[in-house]
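Structural description and commentary
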Amino acid sequence: MRFQAQRSSSISQADKGSDLAGSPGNRAFSATPTPLRSRSSHGRSRTRAPSVGLPGCVQPAGGDVAGAFDEQTCRTCFGIIDADGNGSVSKLELVDAVYRDRKIWDFIFQGLQDDDNAPSPMSDEQSFDAVDAIFGAMAGGRPRVALAEFAAYFRQRAASKGTRGIPDLQAVFRRLDADGNGSVSKLELLAAVQKDRLVASFMFPGLDGSRVMGDERSFDSVSAAFDTIAGGKRRIEYVDFDRYFRKSESPVWSLGAPQDAAAARRQRAGKRILVIGLGFGLDHNLQQGTVLGQAGFEVHWCQDLPEPNQFAFPSVVQMEKLRAAIARVQPEVLVAASMGGAYMVGAWVFGLWKGPSLMINAHPSLTQLPLNVPMVLAHGANDEVFPRHRPELENLIATGGSRCFLYYSGNSGQIAPGAFTRIGDQHQMQSLTVHDCLPSLVDGLLSTEGPEAHMIRSWRHRRSQERLEAENWLGYTTERLRCCWVSPGRKGADRQKLFEVHRGSEEFSKIAAIFKAASPEPSDYELPPQAAWDRTGILKIERVENGQQEAGSARPYGEALRKALHAQGLTFEPG
């Protein structure tokens, strides 16, 4: 798309990419004196191990227990599943535990009515796929799941009160699967959206499903959703369906409105964070030190630690206080900054902590990240205490696993020697204290999809609702963009490649809305005021219709990108 404005000087609209951006019941499972039987899909019954009581569990049979979560029960179940006692769980261990132990089945499928006709994960393909999907959501592409990821998954599922829980997803999938063969074609999805209001409202809120076969944009929205969920396959299986909705808190067609602050605090309530006090902002930067508590997290502090050598991690004796704090608090995330980073490195080296970790300022003793530890490293381009260049930090983050993320606040937009339109952070990293940035990084560590994917998803909240609506109307795929083409057959095969967009058309208004949309938050760039941008008129918009380029370049590139992300266990989602 080409623009012609009324003045020659260019003004870039800055994106906000740098702003990456009740007690459970006390009832227990009843001990069952006789073995339980479940019937397979072939009519044969098999015996399951009798249940024994687990303190603090809520009985799932009968009523709706969505939203109930008990920390001790979660830890107990994890210990049972962890057959070899190595502190992590494999997919085989999870499947085996669900197969052989009734209380593990009840915990994994909280809210399901588990009667004599309940399927066994080893005899019913859909139930096996459900267990497989749960493990995939917890593991994020890794072969094993630690207790922190296990607990975070079930805590998040409980907090959602079942709106995206296994029972709901299975019910929706069964309504999609018209022929009952365990998979859904694109035609089945289109037919279900057209005929079934429950399916349409669940997957595409705001879309009139009854018009999907007569409205081109509705058709394209459903088609694009199918392609996203299927990941390049011709049919959607339950594991694909579950994996997609586990990763995305918003429906497929959602415009992604900014998250309500009160709702974010509720989701964070009860999630324990242990902050290493040495070098953190409590003393040097009060705003940074309190922002996590204000965001809704349960924050614990480990204070009065002796200051170690600047270029080495602490000794065993110095680490004792942190070891005791970790044992007492049982945190879900460990946070350190500045000199406290030495203690985080020490916790890894001495085996005291292998859970999600957030380090503000890359400590000099940090030369390599531990494998399979979810990690966020935050650093500023102008750090005057621990100066490090970006290439060095990128090489450092690459030594960790796929769930490691570098938040780098750099200088940008050089307009003269030493002068920039945006100035990166110094040692105190002020950017973490605005736009919910620091809490969002913690959210990413606790997210089942990992910090990088979570932060990319959060960028939508940095855009205005008007811009999101305009983007959604135009579409995020080349197929959707072709809907506006006017060349013969919409093929873009003629000599003419540029077509003027009519000023009075809806297409023109949507493009103009994106062009002029203001961020909901103040920009970090030193730009002219929004009023000046609003006064900039658009003389002409031209649409490029080049079918050969779209088919031979843009589409293959998108497909290659989708495959590369899929190989990393990520879903390629347009928009």
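Everything discussed here concerns the structure shown above.
Scoring rules and cut-offs
Position numbers for residues start from 1 in each chain and track the written sequence from start to end. In keeping with the model being predicted, local features are shown solely for residues with a pLDDT of at least 70 and side-chain atom pairs are shown and tallied solely at 80 or more, while totals for entire chains, interfaces and linings include all residues. Excluding hydrogens and water, the side-chain values take into account all heavy atoms of the structure. By the criteria applied, helices consist of DSSP H or I runs no shorter than four residues and strands consist of E runs no shorter than two, each listed in order from the N terminus. Buried, partly exposed and exposed residues are distinguished by accessible area as a fraction of the type maximum, computed with a 1.4 Å probe on protein chains only: under 20%, between the cut-offs, and over 50%, respectively. The arc under discussion is defined with respect to the helix axis, by the directions toward the C-beta atoms. Only buried residues count toward a nonpolar core. Its members are Ala, Val, Leu, Ile, Met, Phe, Trp, Tyr and Cys residues joined through side-chain atoms within 4.5 Å. In this analysis, two residues are considered to be in contact whenever any of their non-hydrogen atoms come within 4.5 Å of each other. Residues enter patches when they are more than 30% accessible in relative terms and free of salt bridges; like-charged ones are connected within 9 Å and nonpolar ones (Val, Leu, Ile, Met, Phe, Trp, Tyr) within 5 Å. To be clear on the numbers: accessible area is Shrake-Rupley with a 1.4 Å probe, and residue cover counts the displayed protein chains and nothing else. Salt bridge criterion: a side-chain nitrogen from Lys or Arg within 4 Å of a carboxyl oxygen from Asp or Glu. Side-chain rings of Phe, Tyr and Trp, where Trp is taken by its six-membered ring, are said to pair if the distance between their centres is within 6.5 Å; with planes under 30 degrees apart they count as stacked, over 60 as edge-to-face, and otherwise as tilted.

1. Regarding the side chain of Arg403
Its location among the elements puts Arg403 in the loop between helix H16 (390–397) and strand E13 (404–409). Residue classification places Arg403 among the buried residues on the basis of a relative accessible area of 6%.

2. Let's talk about helix H1 (residues 71–81)
Those residues of H1 lying buried are Thr73, Cys74, Cys77, Phe78 and Ile81. Taken end-on, H1 shows its buried residues confined to a sector of 135 degrees, consistent with a single buried face.

3. Here we look at the nonpolar core
Counting 52 residues, the largest nonpolar core has Leu94, Ile108, Phe150, Leu176, Met203 and Phe241 as the members making the most contacts within it. No other element matches helix H4 (residues 125–139), which puts seven residues into this core. Setting aside anything within four residues of it in sequence, one finds Phe150 in contact with Cys74, Phe78, Ile81, Phe107, Met138 and Val145. Within the second largest apolar cluster, 33 residues are counted, among which are Met319, Met339, Trp348 and Leu366.

4. Notes on a nonpolar patch on the surface
The grouping of Phe313, Val316, Val349 and Phe350 at the surface amounts to a nonpolar patch, some 350 Å² of accessible area in total. Position of Phe313 relative to the elements: it lies in the loop between strand E9 (298–302) and helix H14 (316–329). The exposure class of Phe313 is partly exposed, given its relative accessible area of 36%.

5. As for unusual backbone geometry
You will see that Asn361, though not glycine, has its phi angle at about 75 degrees, which is positive. When you line up the elements, Asn361 lands in the loop between strand E11 (357–360) and strand E12 (375–380). Since its relative accessible area comes to 2%, Asn361 is described here as buried. Phi at Asp436 is positive, roughly 60 degrees, even though this residue is not glycine.

6. A closer look at the pattern of salt bridges
Under the criterion given, the structure shown has 24 salt bridges. As a salt-bridge pair, Glu471 and Arg467 come within 2.8 Å of each other at their nearest N and O atoms. Here Arg467 and Glu471 lie together in helix H19 (residues 465–474), a separation of four residues that amounts to about one turn. The exposure class assigned to Glu471 is buried, which follows from its relative accessible area of 9%. Residue Glu559 is joined to Arg562 by a salt bridge in which the shortest nitrogen-to-oxygen separation is 2.6 Å. Taken together, the residues Glu559 and Arg562, both in helix H23 (residues 547–567) and three residues apart, mark about one turn of the helix. Relative accessible area serves as the criterion here: at 33%, Glu559 is assigned to the partly exposed category.

7. Quick word on the packing of aromatic side chains
The geometry of an aromatic ring pair is captured by the separation of the ring centres together with the interplanar angle, meaning the angle of the planes. Evaluated as defined, the whole model comprises five aromatic pairs. Ring centres of Phe107 and Phe150 lie 6.1 Å apart, and the angle between their planes is 20 degrees; this geometry places the pair in the stacked category. Highlighted residues: Phe107 in helix H3 (residues 102–108) and Phe150 in helix H5 (residues 147–159), separated in sequence by 43 residues. Summarising the burial analysis for this pair, Phe107 and Phe150 share the class buried. Consider the rings of Phe173 and Phe241, whose centres lie 5.7 Å apart with planes at 55 degrees: the pair is tilted. In this pair, Phe173 is assigned in helix H6 (residues 166–176) and Phe241 in helix H10 (residues 238–247), connecting sequence segments 68 residues apart. Taken together, the ring pairs in this structure connect Phe78, Phe107 and Phe150 into an aromatic cluster.

8. Points about the environment of Glu71
Mapping Glu71 onto the fold places it in helix H1. If we ignore the near neighbours within four places in the chain, the residues touching Glu71 are Ala151, Arg155 and Arg272.

Limitation: the analysis is restricted to geometry and does not speak to function.
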